[in-house]
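# Notes for the structure review
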There are 2 protein chains.
Amino acid sequence: MDRMRDLGTPAAVIDIGRMQANIERMQRHMDALGVRFRPHVKTSKCLPVVQAQIAAGAQGITVSTLKEAEQFFAAGITDILYAVSIAPTKLPQVLALRRQGCDLKIITDSVAGAQAVARFGKEQAEVFEVWIEIDVDGHRSGIPPEGEALLAVARALHDGGMRLGGLMAHAGASYDCDTPKALRHITEQERGGTVRAAERLRQAGLPCPVVSVGSTPTALSAQDLRGVTEVRAGVYVFFDLVMHNVGVCAMEELALSVLTTVIGHQEEKGWAILDAGWMAMSRDRGTQKQKHDFGYGQVCTEDGEPVAGYVLGSANQEHGILCRAEGVDREIAARFPVGTRLRILPNHACATGAQHPEYHALRADGSVETWPRFYGW
Amino acid sequence: MDRMRDLGTPAAVIDIGRMQANIERMQRHMDALGVRFRPHVKTSKCLPVVQAQIAAGAQGITVSTLKEAEQFFAAGITDILYAVSIAPTKLPQVLALRRQGCDLKIITDSVAGAQAVARFGKEQAEVFEVWIEIDVDGHRSGIPPEGEALLAVARALHDGGMRLGGLMAHAGASYDCDTPKALRHITEQERGGTVRAAERLRQAGLPCPVVSVGSTPTALSAQDLRGVTEVRAGVYVFFDLVMHNVGVCAMEELALSVLTTVIGHQEEKGWAILDAGWMAMSRDRGTQKQKHDFGYGQVCTEDGEPVAGYVLGSANQEHGILCRAEGVDREIAARFPVGTRLRILPNHACATGAQHPEYHALRADGSVETWPRFYGW
């Protein structure tokens, strides 16, 4: 078994204790609210992480690609929601998974999409389960709760012989919140809009067994989920600096970091050069417009203790520039000599994880295990 | 053999004809200037691409990670420069490659780094070849041409029994230029600074056989490289929108694009939703501060023709939002119906390529071949 000191750099490190606490915190909250929880596995794309989520009580998973569906189905998980509007050309791949026994559900938000599914389903004698995406905040996809298209899409599916499984919404705008009041507001907006849309379906005599909502900020802010049957969230499993700025986690709950080594300095500028650039951190600058801009990440010691005031100020492909967030530290070379190992907390765990072929999972006893992750489509 | 229409989306597509023209253009320019050319393979991390560069006349390669060195050495390439200051903990890996016959050269820009190499070399009875990095533009790493540390680092290597192979510089600031005049200026600054540093070494009685400079903008802008022995450049092989804004390539020379499918619309906003988000494009927003901001990329037809005025305006993990760069197209759903296939030209080819496990290489006859690429460290 490796120890941290055996790892080459840069490397993605998961603090298993923190990850487990994050999983349990979310699951307890969902259990208390009386809803099922369907974690979004796009954050980790890593089987041991997802197994820990299921062991804690998650029911089914959410995926962002059919490759995620294939990989986790191959590992024995059958209840899967593919939460990106289906492209008609992907239907044969969905069919193949369903024919192998995968209970794969797809989504759409247009009549054209619904008709394409119904047409292909009829041709193949397959009853696809389709959920309709609701737009609760103008953030991205979906039909507004009061939108005309809702019933038309539902009928195209239902009358077309498909199984209308329910509705799903994702309040992506919750990422822009940073006060408890704003979070409560967007959480209720997500719930209320989706439930109103479900009522419209039922009033029209259409089925709507599932009402699915979620994002990490709204899931953790929810106090009352009347009418909702399940919640989805992804990044909570690791948390990150964006979520810290949103206000749903403490810095000490961040479970993913990038281990790096000091490889040089520009002393007059107060820079230490690291071997973690944007290839290791990702180009995500999600904290740039938030209340605290962490550059490309918060600098920590190799043990994971934040070094207050020091950030990864900028990044090239394989070079990171460590500096003070404000001012110039002319003692930078003495403080972080060549060879010093540090850990960087990332802005966005989904983006940073995607840059790495594997995670190095750190146990409380200091041992480190390799957890492979996949990428691509 | 696949055709374009057989590809799932999103997918990274290389136009082989354009790539080959880019390779030949650069090599002809280097040949005319009388310098060796050592392409930076961090852009593609793909063997067929690098083999095309070598077939055209490249001598040796530049890498940004030791994994690149290992992979390309395993494919038979021996003359390799690892162009990131060496972390002392990576020396055993360098040693292993050299002992297998890889002519791997490393760099440093500090006395601490030089001493660490000399110490480990002495312990292992290995004469490492080390180049010193010169900072010609205050952009990142390196010792300024007139910097005091230059001779100290050179002596620590030379007197420490290592082989002082030469100097290398990278004018990263050239990416900020967008006029021929500014490009000529930074090109001469890179050449002049590196050559002056080489003269300082030689005047001090130290060897400096190699004088290596380069970046795609400066390599293509160079008219006179007196004193330089080799040039390095990477992104020219594909080019991208950042390079287009810098002014070193036409839009028609961009060889990498991402194939994507329309999966929905928000008609009132003039949005088409695509299945290529930042996971397929990368989070790189390199054109944001340039003279033309392309959002997350320039929209093209499936055949690769730019659709003027339409960009990937924003991106979530697996969703891209196609819109007009200015104004709102309320006919967006009619113009790009669900199922429409498009190609997106990326801001930064190095970052976009890194998101994909393979390239789909498109020949002039319309056939498509899969070229694997690797990632990680």
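All values reported here derive from a predicted model rather than from experimental measurement.

Attention now goes to the overall build of chain A. Assigned secondary structure in chain A consists of 12 helices and 18 strands. On C-alpha atoms alone, chain A measures out to a radius of gyration of 22 Å, which is about the 21 Å that the 2.2 N^0.38 rule sets for 377 residues. The C-alpha extent of chain A, read off along each of the three principal axes, is 70 × 45 × 35 Å. Looking at chain A residue by residue over its 377 residues, the buried ones come to 65%.

The subject of this paragraph is the sheet that holds strand β3 (residues 36-37) of chain A. Residue and element names in this part refer to chain A. Strand order in the open sheet made by the 8 strands is β3-β10-β9-β8-β7-β6-β5-β4, with parallel pairing throughout. Either end of the sheet is taken by a strand with one partner, and the two such strands are β3 and β4 (61-63). Taken together, the 3 bridges between strand β8 (residues 163-169) and strand β9 (residues 210-213) define a ladder with parallel strand orientation. If you follow glycine 166 over to β9, its bridge partner there is valine 210.

Moving on to the packing of aromatic side chains. All names here are of chain A. As enumerated under the stated definition, the model contains 11 aromatic pairs over all chains in all. Considering the side-chain rings of tyrosine 310 and phenylalanine 336, the 5.5 Å spacing of their centres and the 80° angle between planes classify their relative orientation as edge-to-face. Residue tyrosine 310 is located in strand β14 (residues 306-315), and its partner phenylalanine 336 is located in the loop between α11 (332-335) and β16 (341-345); the two are separated by 26 residues in the primary sequence. For tyrosine 310, a relative accessible area of 3% corresponds to the buried category. Residue classification places phenylalanine 336 among the buried residues on the basis of a relative accessible area of 5%.

Attention now moves to the UniProt feature "domain: D-serine dehydratase-like" (unreviewed entry) in chain A. Those places that UniProt annotates as "domain: D-serine dehydratase-like" (unreviewed entry) correspond, in this numbering, to residues 255-363 of chain A. Within the segment residues 255-363 of chain A, helix and strand shares are 12% and 40% respectively, and the terminal C-alpha atoms sit 12 Å apart.

Moving on: the state of the cysteines. Each disulfide consists of a covalent bond between the sulfur atoms of two cysteine residues. Throughout the structure, instances matching the rule amount to 0 disulfides over all chains. The closest cysteine sulfur to the non-disulfide-bonded Cys350(A) is located on Cys249(A), 13 Å from its own sulfur. Here Cys177(B) stays free of any disulfide, with the sulfur of Cys249(B) as its closest cysteine sulfur at 15 Å.

In total, this model carries 38 salt bridges over all chains according to the counting rule given. One salt bridge connects Asp284(A) with Arg283(B), and the closest N-O pair in it is separated by 2.9 Å. Placement of the pair is Asp284(A) in the loop between α10 (278-281) and β13 (298-301) and Arg283(B) in the loop between α10 (278-281) and β13 (298-301), with the two residues belonging to separate chains. Its salt-bridge partner being Asp79(B), residue Arg38(B) comes within 2.8 Å of it at the nearest N-O pair. Within this pair, whereas Arg38(B) is found in the loop between β3 (36-37) and α2 (47-55), its partner Asp79(B) is found in strand β5 (residues 79-82), the two being separated by 41 residues in sequence. Among the residues examined, Arg38(B) registers a relative accessible area of 4% and is labelled buried. It is possible to trace a salt-bridge network through shared partners that takes in Arg38(A), Asp79(A), Asp103(A), Lys105(A) and Glu230(A).

So, on to the relation of the copies chain A and chain B. For the pair chain A and chain B, the best superposition has an RMSD of 0.0 Å and corresponds to a rotation of 180° with a translation of 0.0 Å parallel to the axis. Both copies of the chain, as the preceding transformation shows, are related through a two-fold rotation axis. Residue Arg283(A), judged by its C-alpha, is the member of chain A lying nearest the rotation axis, at 2.5 Å.

Now for the interface of chain A and chain B. Contacts between chain A and chain B engage 54 residues on the former and 54 residues on the latter. For the pairing of chain A and chain B, the buried interface totals around 4,600 Å² over both sides, and the portion due to carbon and sulfur atoms is 56%. Looking at the side of chain A facing chain B, the largest losses of area belong to Arg140(A), Tyr375(A) and Trp377(A), adding up to 18% of the total buried there. The interface formed by chain A and chain B includes 4 salt bridges. Residue Asp275(A) is joined to Lys90(B) by a salt bridge in which the shortest nitrogen-to-oxygen separation is 2.4 Å. For the pair chain A and chain B, the interface holds 20 residue pairs in polar contact (both at pLDDT 80 or more).

With that out of the way, let us pick up the side chain of Asn316(B). Mapped onto the secondary structure, Asn316(B) falls in the loop between β14 (306-315) and β15 (320-324). Using a relative accessible area of 19% as the deciding quantity, one classes Asn316(B) as buried. A polar side-chain atom of Asn316(B) sits 2.9 Å from a polar atom in the side chain of Arg140(A). Those residues in contact with Asn316(B) that sit more than four places away from it in its chain are His139(A), Arg140(A), Gly277(B), Trp278(B) and Met279(B).

Reports often express the size of an interface as the amount of accessible area lost when the parts come together. Residue and element names in this part refer to chain A. Examined at the domain level, chain A breaks down into domain 1 (18-236) and domain 2 (251-372). When each unit is reduced to the centre of its C-alpha atoms, the spacing between domain 1 and domain 2 is 34 Å. Taken together, the contacts link 14 residues of domain 1 with 13 residues of domain 2. Summing the contributions of domain 1 and of domain 2, the shared interface buries around 1,100 Å²; its carbon and sulfur component is 53%. Linking domain 1 to domain 2 there are 1 salt bridge. The closest approach of N and O atoms between arginine 25 and glutamate 253, which form a salt bridge, is 3.4 Å. Linking domain 1 with domain 2 are 6 residue pairs in polar contact (both at pLDDT 80 or more), by the criterion used here. Those elements that provide at least two residues to the side of domain 1 that touches domain 2 are α1 (16-33) and α2 (47-55). Here the side of domain 1 that touches domain 2 takes 4 residues from α1, the largest share from any one element. Class assignment for the residues of the side of domain 1 that touches domain 2 results in 6 nonpolar, 3 polar and 5 charged.

The next point concerns the pairing of strand β8 (residues 163-169) of chain B. Successive side chains on a regular strand alternate, one facing one side of the sheet and the next facing the other. Residues and elements named next belong to chain B. In terms of burial, β8 is largely enclosed, as 6 of its 7 residues are buried. In this sheet, β8 lies alongside strand β7 (residues 129-134) in parallel orientation, the contact comprising 6 bridges. The residue of β8 that forms the bridge with valine 130 is leucine 164. A crossover connection joins β7 to the parallel β8 through helix α6 (residues 149-158); in handedness this β-α-β unit is right-handed. Following the chain from β8 across helix α7 (residues 180-203) to the adjacent parallel strand β9 (residues 210-213), one finds a crossover that is right-handed.

A word on the sheet that holds strand β6 (residues 103-108) of chain B. Residues and elements named next belong to chain B. Strand order in the open sheet formed by 8 strands is β3-β10-β9-β8-β7-β6-β5-β4, and the pairing between neighbours is parallel. Where the open sheet ends on each side, the last strands, each with one partner, are β3 and β4 (61-63). As paired elements, β3 and strand β10 (residues 230-231) share 2 bridges and run parallel to each other. Residue pairing across strands places phenylalanine 37 opposite valine 231, the latter belonging to β10. With respect to the sheet, α6 is in contact with β6, β7 and β8, its orientation differing from that of β7 by roughly 175°.

About the criteria used
Residues numbered from 1 in each chain as written. Chains lettered and ligands numbered in written order. Predicted model: local features only at pLDDT ≥ 70, side-chain atom pairs only at ≥ 80, totals over all residues. Heavy atoms only, no water. Helix = DSSP H or I, 4+ residues; strand = E, 2+ residues; numbered from the N terminus. Rg over C-alpha atoms; globule rule 2.2 N^0.38 Å. Buried < 20%, exposed > 50% of the residue type's maximum accessible area, 1.4 Å probe, protein only. Pairing = 2+ DSSP bridges. Phe/Tyr/Trp six-rings, centres within 6.5 Å; stacked < 30°, edge-to-face > 60°. UniProt positions renumbered as here; feature names shortened; annotations may be inferred. Disulfide = S-S within 2.5 Å. Salt bridge = Lys/Arg side-chain N within 4 Å of Asp/Glu carboxyl O. Least-squares fit on C-alpha atoms with pLDDT ≥ 70 in both. Contact = heavy atoms within 4.5 Å. Buried area = accessible area lost by both parts, 1.4 Å probe. Polar contact = N/O pair within 3.5 Å; in protein donor to acceptor, adjacent residues only side chain to side chain. Domains from an automatic or database assignment. Nonpolar A, V, L, I, M, F, W, Y, C, P; charged D, E, K, R; others polar. Right-handed = clockwise from strand over helix to strand, strands pointing away. Axes fitted to C-alpha atoms, helices over the stretch in contact; angles between N-to-C directions.

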